[in-house]
Amino acid sequence: MKKFFALLLLSIPLTPAQAQDKEAYFPEIPGFQRTILEEVYTPNNLFDIIDGAAEMFLSYDFEELAIAEYSDSLIQYIRVELYRHRNAENAFGVYTQERSPEAQFLSIGGEGYIEEGALNFWSGPFYIKLVTNDKGQHVQQALLTIANAVAAALHQDSRMPAQFDAFPQAERLPHSEYYVNRDFLGYKFFDIAFVVPYQQCTMFTVYFSSEAEAQEAVKKYAKLLKDSLLTFDKPTKVKDPVIGVMLLQRCGSILVGAIDIRDMQKAKMLMSQIQNNLAKK
Amino acid sequence: MVTSQMSKGKIMEEFDRRKFLKATLSTAAALSVPISFAQSKDKKKKPITRVLGKTGLRIPVISYGVMLANNPALLRAAYDAGITHFDTAHSYQNGRNEEMIGEVLSKVPRKSYILATKIKPAEHDRTKGTIGPASTKEAFLNRLDISLKRLKTDYVDILYLHGISTQEEAYHPEMLAALEEAKKSGKTHFIGVSTHRNVEGVLEAVTEEGIHDVVLASINFQNQNPKRLREVTAAASKAGIGIIAMKTMAGGYYDKERTKPVNYKAALKWVLEDPAVTTCIAGLTAFEHLQENISVNYDITLTDEERASLIPDTQSKGMACDGCEQCIQSCRYHLSILPDAMRAYMYTYGYGATLKAREIVDEGKEEFQVCKSCDICSAHCVKNLPISERVKDVARLENVPIEFLA
């Protein structure tokens, strides 16, 4: 464990979770006793605490985890896990992977939700999970109190990643947007994707670092479809061997697409709107 | 107020949950279309299979650890390509992982696949290896019922106590009673434990008592003592314990920056050289990985070239300096500490040997200072190691108190 701590100390100039920062991130809350755990987990030892689940956090560029526990006379402990990722997109991404569609959603941080004995939310580059074995209304209220205090202490801009601004708001399925930071749809050449499910289809944008890279990805996809003439310079309907019917168009360094299409006209209209919004940026 | 913060279930009531699931899973439509990757299964060739200890289950040597997957089409493609054993956990993606598996596999015959899930004790300090009083049999079995509902099945084939590292955890009375009751009730056919740490110790403990059927263990080419590991797995296998390997990619990358991926096929084959290991639960997120993994199902021979590719990260191009000293010539100050600094970096991030690295930093203190204060680095590495960045990184060790170094 010493070596991990040494590595942690090495990263002092680069990370916010120094001792004094941890105090700030886990504020004192009237009525609760706070215990900040000494150990901070990094990609090197995240498996020690969350086992196989660590893989997903690492895939979203997890950087460190700090933990505190709050208790009062009725609650043995509420554990607050503060995961810091490389950026807000990744924190949002890992949050969306764990988000329950049936949860009661909250306006804490960027978005959050509460279940019995658990409250999760994301805020800036942080994904915050509160969990307890205690039960009851008092516990649920305590989860909210602590989550709000931590969210306020983080001082983060918790707007959804700006890439989602390109997607029209109307008819979006609420609380369903998600971010994939590699191998979108299972294809290595489709990397970073922002996805928004709608009533009639699911729209996505895939970002590349350059137009050339986007063209290269499109070529690979055309090869997979065994149609090298496909350039996707205009809205193109294809039948993907695995995904099914897909609508796809390359706009500079961004691919705009639709899958799970129940209404092709609507999908085309959404695609056009997304392109217009992207062009305005 | 609680109510003012919540948008409650109201919004969710506005649309059909089934529609939501279909949309968010996004590729559900794929389930009804032919899947080209299934064609990679050569019908003339049979996959290599092994028997999982006393369970008698015969499983292809490559299985699917679904923990990273968020793509149901990939899961279905894996099934169609001949993978029959799928591994998840109650806690993965807060239950979404089990739900996705349930959505996909409920559409194929239940007996055509082997399903395993893992459940944690309700109160568990993994770092200390202790299980707290809230970890009752009832709480565990309640979690199992939730998992079965998500998985859309009446039973799992293997149920593990998730993430243990000590004998005490393996034989915790409440947890053992819960596993045995789950088996007795038919909610699982076999029971086991999963372990990331103290793998040899856990295997020995389980072998000794013979209560568990299966151990899911972290086994990979970076194990510090493969000879000892294989002695332990052989003894467990002889006692009828089925052994399944996970974390076979050892983190997946050779370098700290995660730019140099491990040779997937070679890593799997290295594990399968041990006949006591029945199968590897390989994680994957792309069809390309699936095809690579599937190919191992038909050929597990580790070639010399593949073995060489598994040289531990400390020796790999990403981490190791060859000591050619050409960087000294290209450095405007001809700093002789550069190769040593690369070694210190390797000690730090490769071995975690920070004390040894600190010695190097202390010995070359003056030259490290010169390097740190130089704005434009002229030193060039023939292996393209980022010299300036690594020198500056490792030089920070001088600020770390000795008592924190290892």
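Cut-off values and rules
- Residues numbered from 1 in each chain as written.
- Chains lettered and ligands numbered in written order.
- Predicted model: local features only at pLDDT ≥ 70, side-chain atom pairs only at ≥ 80, totals over all residues.
- Heavy atoms only, no water.
- Helix = DSSP H or I, 4+ residues; strand = E, 2+ residues; numbered from the N terminus.
- Buried < 20%, exposed > 50% of the residue type's maximum accessible area, 1.4 Å probe, protein only.
- Contact = heavy atoms within 4.5 Å.
- Areas by Shrake-Rupley, 256 points an atom, 1.4 Å probe, with all protein chains shown as cover.
- Lys, Arg positive; Asp, Glu negative; His and termini not counted.
- Charge placed at Lys NZ, Arg CZ, Asp CG, Glu CD.
- Pairing = 2+ DSSP bridges.
- Axes fitted to C-alpha atoms, helices over the stretch in contact; angles between N-to-C directions.
- Arc of directions from axis to C-beta.
- Parallel < 35°, antiparallel > 145°, perpendicular 65-115°, else oblique.
- Left-handed = near helix turned anticlockwise from the far one by under 90°.
- Core = buried A, V, L, I, M, F, W, Y, C linked by side-chain atoms within 4.5 Å.
- pLDDT = per-residue confidence, 0-100.
- Expected span 1.5 Å × (residues − 1).

Colleague: Please clarify how the overall build of chain A should be interpreted in this entry.
Modeller: The secondary structure content of chain A amounts to eight helices and 13 strands. Referenced to the eigenvectors of the C-alpha coordinate spread, the extents of chain A come out at roughly 65 × 40 × 35 Å. Residues counted as buried form 61% of the 281 residues belonging to chain A. Considering only residue pairs separated by 6 or more positions, chain A has 56% of its internal contacts joining residues 24 or more positions apart. Carbon and sulfur atoms form 50% of the exposed surface of chain A, whose accessible area is close to 11100 Å². Of the side-chain charges in chain A, 27 are positive and 35 negative, and the distance between the mean point of each set is 9 Å.

Colleague: I keep staring at the overall build of chain B and nothing clicks. Help me out?
Modeller: When helices and strands are counted, chain B shows 18 helices and 13 strands. Classification of the 406 residues of chain B by burial places 58% in the buried group. Contacts in chain B between residues at least 24 apart in sequence constitute 74% of all its contacts with a sequence separation of at least 6. Looking at chain B as shown, the accessible area adds up to about 17300 Å², and 50% of this sits on carbon and sulfur atoms.

Colleague: Is there a simple way to explain the sheet that holds strand 9 (residues 156-161) of chain B in this structure?
Modeller: Each strand in a sheet pairs with its neighbour through backbone hydrogen bonds, running either in the same direction (parallel) or in the opposite one (antiparallel). Residues and elements named next belong to chain B. Spatial strand order, 4-5-6-9-10-11-12-13: eight strands in a closed barrel with parallel pairing. Within this sheet the neighbouring strands show an average axis-to-axis angle of 30°, counted without direction. Across five bridges, the pairing between strand 11 (residues 214-218) and strand 12 (residues 242-246) is parallel. Across the sheet, residue Leu-216 finds its bridge partner in strand 12, namely Ile-244. Against the sheet, helix 11 (residues 264-272) touches strand 4 (62-65), strand 12 and strand 13 (277-282), its axis set at about 155° to strand 13.

Colleague: Got a minute to help me understand the pairing of strand 6 (residues 114-119) of chain B in this structure?
Modeller: Along a regular strand, successive side chains alternate from one face of the sheet to the other. Residue and element names in this part refer to chain B. Taking burial as the measure, the six residues of strand 6 include six buried ones, the bulk of the element. Neither face of strand 6 is exposed, since Ile-114, Ala-116 and Lys-118 on one face and Leu-115, Thr-117 and Ile-119 on the opposite face are all buried. Pairing analysis gives three bridges linking strand 5 (residues 85-87) to strand 6, with the strands arranged parallel. By the bridge assignment for strand 6, His-85 is matched with Ile-114. Relative to strand 9, strand 6 runs parallel, the two being bridged by four bridges. Pairing of Ile-119 across the sheet is with Leu-161, part of strand 9.

Colleague: In this structure, what is going on with helix 12 (residues 287-296) of chain B? I would like to understand it.
Modeller: Residue pairs spaced three or four apart in an α-helix point in one direction, given the helix's 3.6 residues per turn. All names here are of chain B. Residues of helix 12 that are buried: Phe-287, His-289, Leu-290, Asn-293, Ile-294 and Val-296. Within helix 12, the buried residues cover an arc of 165° as seen down the axis, which keeps them to one side. In the core, the buried residues of helix 12 are packed alongside strand 4, helix 4 (72-80), helix 11 and strand 13.

Colleague: Honestly, unusual backbone geometry in this entry has me stumped. Any pointers?
Modeller: Trans peptide bonds make up the majority, and among non-glycine residues the majority have a negative phi. Backbone geometry at Glu-171 of chain A places phi at a positive 70°, although glycine is not the residue there. Summarising the element assignment, Glu-171 of chain A is placed in the loop between helix 6 (137-154) and strand 8 (178-180). Taking the relative accessible area as the measure of exposure, Glu-171 of chain A reaches 35% and is therefore partly exposed. You will see that Asn-94 of chain B, though not glycine, has its phi angle at about 55°, which is positive. In this fold, Asn-94 of chain B is placed in the loop between strand 5 and helix 5 (96-105).

Colleague: Looking at this structure, how should I read the environment of Gln-329 of chain B?
Modeller: With respect to the helices, strands and loops of the structure, Gln-329 of chain B is situated in helix 14 (residues 326-330). It is 8.7 Å that separates the C-alpha atoms of Gln-329 of chain B and His-380 of chain B, two residues lying 51 residues apart in sequence.

Colleague: Please clarify how the sheet that holds strand 9 (residues 192-197) of chain A should be interpreted in this entry.
Modeller: All names here are of chain A. Across the sheet, six strands lie side by side as 8-9-10-13-12-11; this open sheet has antiparallel pairing. The open sheet terminates on both sides in strands that have one partner only, identified here as strand 8 and strand 11 (236-240). Between one strand and the next, the sheet's axes are offset by a mean angle of 25°, whatever the strand orientation. As defined by bridge partners, strand 12 (residues 244-251) adjoins strand 13 (residues 254-259) across five bridges and the pair is classed as antiparallel. Its bridge partner being in strand 13, Arg-250 is matched across the sheet by Leu-255.

Colleague: Explain the packing of helix 6 (residues 137-151) of chain B against helix 8 (residues 173-184) of chain B to me, please; I cannot follow it from the model alone.
Modeller: A pair of packed helices is characterised by two quantities: the angle between their axes and the separation of those axes. Residues and elements named next belong to chain B. For the pair helix 6 and helix 8, the least separation of the axes is 8 Å and the interaxial angle reads 40°. It follows that helix 6 is oblique to helix 8 by the angle criterion. Considering how the two elements wind past one another, helix 6 and helix 8 form a crossing that is right-handed. Every residue of helix 8 that contacts helix 6 at Lys-137, Glu-138, Phe-140, Leu-141 and Leu-144 is listed here: Glu-174, Met-175, Ala-177, Ala-178, Leu-179, Glu-181 and Ala-182.

Colleague: Which parts of the structure should I look at to understand the pairing of strand 2 (residues 62-71) of chain A?
Modeller: All names here are of chain A. Within strand 2, eight of the ten residues are buried, which leaves the element mostly enclosed by the surrounding structure. Strand direction decides the pairing type here: strand 1 (residues 33-36) and strand 2, joined by four bridges, are antiparallel. The partner of Arg-34 across the bridge, within strand 2, is Tyr-70. In this structure, strand 2 lies alongside strand 3 (residues 78-85), joined through eight bridges in antiparallel fashion. For Ala-68, the partnering residue across the bridge sits in strand 3 and is Val-80.

Colleague: Explain the nonpolar core here, please?
Modeller: Nonpolar side chains in soluble globular proteins tend to end up buried together. Counting 106 residues, the largest nonpolar core has Phe-190 and Tyr-221 of chain A together with Tyr-64 and Phe-86 of chain B as its most contacted members. Sort the elements by how many residues they give to this core and helix 11 of chain B lands first, with seven residues. Dropping the residues within four chain positions of it, Phe-190 of chain A is found in contact with Arg-182, Asp-183, Phe-184, Leu-185, Val-206, Phe-208, Tyr-221, Leu-248 and Leu-255 of chain A. By size, the runner-up hydrophobic cluster in this structure holds 45 residues, among which are Phe-105, Met-203 and Met-271 of chain A together with Leu-68 of chain B.

Colleague: Sorry, what's going on with the confidence of the model for chain A here?
Modeller: Residue and element names in this part refer to chain A. Per-residue confidence for chain A gives a mean pLDDT of 89; residues scoring 70 or more make up 93%. Ignoring residues within four places in sequence, the model shows residues 1-6, a span with pLDDT below 50, making 17 contacts including any to other chains. Low pLDDT (under 50) marks residues 8-19, which in the prediction has 26 contacts with non-local residues, meaning those over four places away or in another chain.

Colleague: How should I be thinking about the environment of Phe-126 of chain A in this particular structure?
Modeller: Residue and element names in this part refer to chain A. In this structure, Phe-126 sits in strand 7 (residues 126-131). A residue is classified by how much of its surface remains accessible, and Phe-126, at 3% relative accessible area, is buried. Taking the C-alpha atoms as reference points, Phe-126 and Arg-250, 124 residues apart in sequence, are found 32 Å from one another. Not counting residues up to four positions away in its chain, the partners in contact with Phe-126 are Tyr-25, Leu-82, Tyr-83, Arg-84, Ala-91, Phe-121, Leu-154 and Gln-156.

Colleague: Teacher, can you tell me more about the confidence of the model for chain B here?
Modeller: Interpretation of this model should avoid reading the predicted coordinates in detail wherever pLDDT is low. Residue and element names in this part refer to chain B. Summing up the model confidence of chain B, the mean pLDDT is 84 and the portion of residues at 70 or higher is 84%. Every residue in residues 1-41 is under pLDDT 50, and counting partners more than four places away or in other chains gives 96 contacts. Interface confidence for the predicted complex, expressed as ipTM, amounts to 0.82; the pTM equals 0.77.

Colleague: I'm lost on helix 6 of chain B in this one. Help?
Modeller: All names here are of chain B. If you check helix 6, its first and last C-alpha atoms are 21 Å apart, about what 15 residues at 1.5 Å a residue would give, namely 21 Å. The set of residues buried in helix 6 consists of Phe-140, Leu-141, Leu-144, Ser-147, Leu-148, Arg-150 and Leu-151. Each element contacted by the buried residues of helix 6 is listed here: helix 5, strand 6, strand 9 and helix 8. Positive phi shows up at Lys-152, right after helix 6, with a value of about 55°.

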